[in-house]
Amino acid sequence: MIQNNAYMKRIMFICLGNICRSPMAEIIFRDMVKKAGRADEFLIASSATSSENVWNGVGAEVYPPAKKVLAKHGLSAEGKRAVQLTAGDYDKYDIFICMDRYNVRYVNRLFGGDKDNKICMLMDFTGRPGDVSDPWYTGDFETAYRDIYEGCRGLLEHLT
Ligand code: 4NP
């Protein structure tokens, strides 16, 4: 069971659909902290800005090509289902990490601003800030994986 405590950093990764980029970030970062022996320090989740992939409260599975690239890197997306971010999530997480600038705009609007300065972009934690390469449009899941992996490494370093 996941324990939530005062020392835990609560992290929410965000993208448009929660079937490609943000689930990849959730799964990659969870594996990374586990391998670093630091799993206990983090509560990790991901969600969508859009309601597109949630039907009657049931979220879609991770998009098959995203599952495939994760599997290629030894990671499983089993059990992950899309969920939509809600306004009430603002106080439940410490940091909201967006995959692109459109997510940032949406999330700021949903939360009515960012009074505690919690919203950022994944690639801000790398030497090349900007959007994560979007595989929905490029079809290139390996490049997206590499961007996300690099962002997650930078994030973990930042949180050390
Ligand atoms: P994601 O990818 O935001 O990385 O999960 C997308 C998923 C669905 C759509 C676009 C991007 N869509 O247009 O349905």
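Reading the values: the criteria
- Residues numbered from 1 in each chain as written.
- Predicted model: local features only at pLDDT ≥ 70, side-chain atom pairs only at ≥ 80, totals over all residues.
- Heavy atoms only, no water.
- Near = heavy atom within 4 Å.
- Polar contact = N/O pair within 3.5 Å; in protein donor to acceptor, adjacent residues only side chain to side chain.
- Areas by Shrake-Rupley, 256 points an atom, 1.4 Å probe, with all protein chains shown as cover.
- Phe/Tyr/Trp six-rings, centres within 6.5 Å; stacked < 30°, edge-to-face > 60°.
- Helix = DSSP H or I, 4+ residues; strand = E, 2+ residues; numbered from the N terminus.
- Buried < 20%, exposed > 50% of the residue type's maximum accessible area, 1.4 Å probe, protein only.
- Lys NZ or Arg CZ within 6 Å of the ring centre and 35° of its normal.
- Pairing = 2+ DSSP bridges.
- Axes fitted to C-alpha atoms, helices over the stretch in contact; angles between N-to-C directions.
- Contact = heavy atoms within 4.5 Å.
- Parallel < 35°, antiparallel > 145°, perpendicular 65-115°, else oblique.
- Left-handed = near helix turned anticlockwise from the far one by under 90°.
- Nonpolar A, V, L, I, M, F, W, Y, C, P; charged D, E, K, R; others polar.
- Core = buried A, V, L, I, M, F, W, Y, C linked by side-chain atoms within 4.5 Å.
- Right-handed = clockwise from strand over helix to strand, strands pointing away.
- Arc of directions from axis to C-beta.

*Asks:* Sorry if this is basic, but what is going on with the site of the ligand here?
*Replies:* Lining the immediate surroundings of the ligand are Cys15, Leu16, Gly17, Asn18, Ile19, Cys20, Arg21, Glu52 and Trp136. Take Ile19: an N or O atom from its main chain is 3.0 Å from an oxygen atom of the ligand. Contacts to the ligand include Arg21, whose side-chain N or O atom sits 2.7 Å from an oxygen atom. In the complex, the protein chains occlude 89% of the 350 Å² of accessible area that the ligand would expose alone.

*Asks:* Would you mind going over the packing of aromatic side chains with me for this structure?
*Replies:* In this description, an aromatic ring pair is defined by two values, namely the gap between the centres and the angle between the planes. Counting across every chain of the model gives nine aromatic pairs. Between the aromatic rings of Phe13 and Phe29, the centroid separation amounts to 5.9 Å while the plane-to-plane angle is 70°, which identifies the pairing as edge-to-face. Taken together, the residues span a long stretch of sequence, with Phe13 in strand β1 (residues 9-15) and Phe29 in helix α1 (residues 21-35) at a distance of 16 residues. The same class applies to Phe13 as to Phe29, namely buried. If you follow Lys118 out to its NZ or CZ, it ends over the ring of Tyr90, 4.5 Å from the centre.

*Asks:* What is the right way to look at the sheet that holds strand β2 (residues 42-48) in this model?
*Replies:* Pairing between the strands of a sheet comes from backbone hydrogen bonds, and it takes one of two forms, parallel or antiparallel. With parallel pairing, the four strands of this open sheet are ordered in space as β2-β1-β5-β6. Since the sheet does not close on itself, it has two edges, and those belong to β2 and β6 (119-121), each with one partner. Averaged over all pairs of adjacent strands, the angle between their axes in this sheet comes to 25°, without regard to strand direction. Of the strand pairs in this sheet, β1 and β2 are connected by seven bridges, and their pairing is parallel. By the bridge assignment for β2, Ile11 is matched with Ile44. Across the face of the sheet, α1 comes into contact with β1 and β2 while running at roughly 170° to β2.

*Asks:* Explain the packing of α1 against helix α2 (residues 64-72) here, please?
*Replies:* Two quantities define a packed helix pair, namely the angle between the helix axes and the distance between the axes. Axis separation between α1 and α2 bottoms out at 10 Å; the angle between their running directions is 20°. In terms of their interaxial angle, α1 and α2 are classed as roughly parallel. Relative to α2, the crossing made by α1 is right-handed. In this structure, α1 contributes Met24, Ile27 and Ile28 to the contact, and α2 contributes Ala66, Val69 and Leu70. Counted by class, the contact of α1 with α2 contains six nonpolar, no polar and no charged residues.

*Asks:* Would you explain the nonpolar core in this entry?
*Replies:* Counting 38 residues, the largest nonpolar core has Phe13, Met24, Ile28 and Phe29 as its most contacted members. For this core, the elements supplying multiple residues, two or more each, are β1, α1, β2, α2, β5 (95-98) and α5 (141-158). Within the second largest apolar cluster, twelve residues are counted, among which are Met12, Leu85, Tyr93 and Phe111.

*Asks:* Where do I start with the pairing of β1 in this structure?
*Replies:* Looking along a regular strand, one sees side chains alternate from face to face of the sheet. Of all seven residues that make up β1, six are buried, and the element is covered over most of its length. Crossover connection from β1 via α1 to parallel β2: handedness right-handed.

*Asks:* Sorry if this is basic, but what is going on with α2 here?
*Replies:* Three- or four-residue spacings in an α-helix give side chains the same orientation, since the helix completes a turn every 3.6 residues. Within α2 the residues assigned to the buried category are Ala66, Val69 and Leu70. Down the axis, α2 shows its buried residues gathered within 100° of arc, on one side only. What points out from α2, more than 90 degrees from its buried face, is the exposed set Pro64, Lys68 and Lys72. On the buried face of α2, the contacting elements are α1 and α5. After α2 finishes, the residue Gly74 shows a positive phi value of roughly 80°.

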